[in-house]
Structure formats: C-alpha cells, structure tokens
Amino acid sequence: MPFDPNLPQENTLADAAQMRAQLNGLKDLIDAVSGVTSAVVDSVTTLPPGSPAVVGVSITSSTLHLSFELPRGNDGAIGAPGTNGSDGAPGPQGAQGLPFANAVVDSVTTLNPGEPATVGVTFDGSNVRFNFGLPRGNDGAPGAAGANGEVSQVDLNNGLLNTLSQTSSNTNAVATLNTPFTNDPPTLADLEQMRLKVNELVLALRR
C-alpha cells in the first residue's frame, strides 16, 4: 500500500494494519531515494485531538527531512466519585516520556542487485537511529560495437606522400669520404674536397 498522508482519518480508532501499511509506504519512499546519508526531524507539532496526523518528507542534497504533526489524545473521562461522596482524588503524575529529538542515519550499505532493501531502527534514549541496506542497480547492457573504420587507397597514398614530404631523402648513394688528410694543417685542396662532399650530401637529402 503506498503512503497516504490523509491516513488515519479523523475520529477513527488506531488500526495496526493501517499504521503498518503507512510505515511500510514511508519506508518504500525512503528506499526509492538514492544517496541518502542522513535524516533530520525538522519539527514535531502537537495538533488538537481528532486532527489527522501529517508527515512531511523532503530531501535536500543527501539529507532526508521529516516534519511530524501528531494529534494529542482526547481528555480522559472524569473519575468516579469517592466512597464518601466526593470526587475521586487525581492519580499521581506519570513520569515524563523520553524526548524524540533527532533521527540519525548510522550507516548506508550497498547491497547486490536483486537483494531486498533493509532498514534497521533503534532508539538510544533521545535519537532514533537508522541503518539502511540499499541494493545497487543492475549493470547496464554493453553498447553496440561501432562499425570498423575504412580508409580508401587514395587517402592512404596521400597520407604516405604527405609524411614522406616531411622527411629527408635517402642518402645511400653518397659515398663516404675515406681518404685521410695527410697534411697538418689541411691544405686548400683538402678543404675543397670536404666542401664538395658536404654539398653532395646536402643535395642528396633534398626532395
């Protein structure tokens, strides 16, 4: 049964099945929210007897905010007269109930896909403490493989020519200069021989 903020109706007796369904509906709303790491009770307001209970729920970032409006009970009936004809003496005042100050989320555990969500609730005297177990979603299906890329022969040839145009030419045809210089210092003829070999190399490297 989904959570219905209009239940319970005014002037109706408390019904365990209806209250259980309301709490389960509120739990389903909490379970459906991903990334909730804490819960805070913003306010608890007392309503006149017979007013419908109201629970406000909102989420800010990763915090669950709760606001409760709870009707107080009807005044009790006047006690029966005492044996001496006077009104019965009032009973002693009951002890003050424990305050409900805050709600604290102690842990949020990620469960495997398909596992049921769990909520553990304890009360330490002033705080309602929650422990959530939330299943992660199933892994998505792998995407379709893309089509293989194709390169035409013309594009391949143009790419190779463009790469070759940025490199030096083959210099295998240039013979090495194997004749040692015997003069010290080298003569003009030796320097001329060196100049010619360098020019030969430079021209061979050009495209």
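My aim in this report is to walk through the structure given alongside it, one point at a time. (Residues numbered from 1 in each chain as written. Predicted model: local features only at pLDDT ≥ 70, side-chain atom pairs only at ≥ 80, totals over all residues. Heavy atoms only, no water.)

### Looking at the overall build of the protein chain
Next up, step 1: Tallying secondary structure elements over the protein chain gives three helices and six strands in all.
Next up, step 2: Reading the helices (α) and strands (β) of the protein chain from amino to carboxyl end gives α-β-β-β-β-β-β-α-α.
Next up, step 3: Within the protein chain, the proportion of its 207 residues that are buried is 14%.
Next up, step 4: Within the protein chain, contacts between residues separated by at least 24 positions form 57% of all contacts whose residues are at least 6 apart in sequence.
Next up, step 5: Accessible area for the protein chain stands at about 15500 Å²; split by element, carbon and sulfur atoms hold 56% of it. (Helix = DSSP H or I, 4+ residues; strand = E, 2+ residues; numbered from the N terminus. Buried < 20%, exposed > 50% of the residue type's maximum accessible area, 1.4 Å probe, protein only. Contact = heavy atoms within 4.5 Å. Areas by Shrake-Rupley, 256 points an atom, 1.4 Å probe, with all protein chains shown as cover.)

### Overview of the environment of Asn138
Next up, step 1: With respect to the secondary-structure elements, Asn138 resides in the loop between strand E6 (127–135) and helix H2 (153–165).
Next up, step 2: The class for Asn138 is exposed, based on a relative accessible area of 65%.
Next up, step 3: Placed 25 residues apart in sequence, Asn138 and Pro113 show a C-alpha to C-alpha distance of 5.5 Å.

### What to know about the sheet that holds strand E4 (residues 102–111)
Next up, step 1: An order of E4-E6-E5 is seen for the three strands of this open sheet, with the pairing classed as mixed. On the outer flanks of this sheet lie E4 and strand E5 (118–123), each paired with one strand and no other. Adjacent strand axes in the sheet meet at a mean angle of 15 degrees when their direction is disregarded. (Pairing = 2+ DSSP bridges. Axes fitted to C-alpha atoms, helices over the stretch in contact; angles between N-to-C directions.)

### Quick notes on the packing of aromatic side chains
Centre-to-centre distance and the angle between the planes together describe a pair of aromatic rings.
Next up, step 1: Tallied over the entire structure, the rule returns one aromatic pair.
Next up, step 2: Ring centres 5.7 Å apart and planes at 10 degrees place the aromatic pair Phe130 and Phe132 in the stacked group. Residues Phe130 and Phe132 agree in their burial class; the two are buried. (Phe/Tyr/Trp six-rings, centres within 6.5 Å; stacked < 30°, edge-to-face > 60°.)

### Looking at the sheet that holds strand E3 (residues 63–71)
Next up, step 1: If you walk across this open sheet you meet the three strands as E1-E3-E2, and the pairing is mixed. Each edge of the open sheet carries a strand with a single partner, namely strand E1 (38–47) and strand E2 (54–60). The mean angle between the axes of side-by-side strands here comes to 15 degrees, regardless of whether they run parallel or antiparallel.
Next up, step 2: Examined bridge by bridge, E2 and E3 share seven bridges and lie antiparallel to one another. Residue pairing for E3: Ser58 is matched across the bridge by His65.

### What about the side chain of Lys197?
Next up, step 1: Within the fold, Lys197 resides in helix H3 (residues 188–205).
Next up, step 2: Polar contacts involving the side chain of Lys197 include one to the side chain of Glu200, which spans 3.0 Å.
Next up, step 3: The residues contacting Lys197, other than those within four sequence positions of it, are Val174, Ala175, Thr176 and Leu177. (Polar contact = N/O pair within 3.5 Å; in protein donor to acceptor, adjacent residues only side chain to side chain.)

### Section: a nonpolar patch on the surface
Next up, step 1: On the surface, Leu177, Phe181, Met194, Val198 and Val202 cluster together to form a nonpolar patch covering roughly 360 Å² of accessible area.
Next up, step 2: Here Met194 lies in helix H3.
Next up, step 3: We classify Met194 as partly exposed; its relative accessible area is 36%. (Patch = residues over 30% accessible without salt bridge, like charges linked within 9 Å, V, L, I, M, F, W, Y side chains within 5 Å. Salt bridge = Lys/Arg side-chain N within 4 Å of Asp/Glu carboxyl O.)

### Some points on unusual backbone geometry
Next up, step 1: The amide bond that connects Asp184 to the next residue, Pro185, takes the cis arrangement and shows omega of 5 degrees.
Next up, step 2: Along the polypeptide, Pro185 turns up in the loop between H2 and H3.

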